[in-house]
Amino acid sequence: MASTNDHGAPDTQVIPRSTGQRRYSAEYKTRILAEYETLDKEGKGALLRREGL
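Residues numbered from 1 in each chain as written. Predicted model: local features only at pLDDT ≥ 70, side-chain atom pairs only at ≥ 80, totals over all residues. Heavy atoms only, no water.

**What to know about the overall build of the protein chain**
Okay, so step 1: Along the protein chain, the regular secondary structure elements total 2 helices and 0 strands.
Okay, so step 2: Per-residue burial for the protein chain yields a buried fraction of 8% across its 53 residues. (Helix = DSSP H or I, 4+ residues; strand = E, 2+ residues; numbered from the N terminus. Buried < 20%, exposed > 50% of the residue type's maximum accessible area, 1.4 Å probe, protein only.)

**Some thoughts on the environment of Tyr28**
Okay, so step 1: Checked against the element boundaries, Tyr28 lands in helix α1 (residues 26–37).
Okay, so step 2: We classify Tyr28 as buried; its relative accessible area is 16%.
Okay, so step 3: Excluding residues within four positions of it along the chain, Tyr28 makes contact with Glu51 and Leu53. (Contact = heavy atoms within 4.5 Å.)

**Some thoughts on the packing of aromatic side chains**
Okay, so step 1: Considering all chains together, one arrives at 1 aromatic pair under this definition.
Okay, so step 2: Ring geometry for Tyr24 and Tyr28: centres 5.1 Å apart, planes at 15°, overall stacked.
Okay, so step 3: The exposure class assigned to Tyr24 is partly exposed, which follows from its relative accessible area of 30%. (Phe/Tyr/Trp six-rings, centres within 6.5 Å; stacked < 30°, edge-to-face > 60°.)

**Things to note about the pattern of salt bridges**
Okay, so step 1: In total, this model carries 2 salt bridges according to the counting rule given.
Okay, so step 2: Linking Arg50 and Glu51 is a salt bridge whose minimum nitrogen-to-oxygen distance equals 3.1 Å.
Okay, so step 3: Through salt bridges with shared partners, one network takes in Glu35, Arg50 and Glu51. (Salt bridge = Lys/Arg side-chain N within 4 Å of Asp/Glu carboxyl O.)

**As for the environment of Leu39**
Okay, so step 1: In this fold, Leu39 is placed in the loop between α1 and α2 (41–51).
Okay, so step 2: A relative accessible area of 27% means that Leu39 is categorised as partly exposed.
Okay, so step 3: For Leu39, the contacting residues outside a window of four places in its chain are Lys44 and Leu47.

**Quick notes on the packing of α1 against α2**
Okay, so step 1: One can describe the packing of α1 onto α2 by two numbers: an axis separation of 10 Å at closest approach and a directional angle of 155°. Regarding the angle of α1 to α2, the classification is roughly antiparallel. Residues Tyr28, Ile32, Glu35 and Tyr36 of α1 lie in contact with α2, whose contacting residues are Lys44, Leu47, Leu48, Arg50 and Glu51.
Okay, so step 2: Partitioning the contact of α1 with α2 into residue classes produces 5 nonpolar, no polar and 4 charged. (Axes fitted to C-alpha atoms, helices over the stretch in contact; angles between N-to-C directions. Parallel < 35°, antiparallel > 145°, perpendicular 65-115°, else oblique. Nonpolar A, V, L, I, M, F, W, Y, C, P; charged D, E, K, R; others polar.)

In structure tokens form, the structure reads like this:
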């Protein structure tokens, strides 16, 4: 549920995400790259979106 201000209007303030860099393990990188190499162009895009990369 979205928060509202005193006037009943939706709060439009943007809450920043984490300020630090993401860190990925070598195992994760290896797994994602191996999967990436097996996919066609559309599959590669889907993988990147799924993983948030």
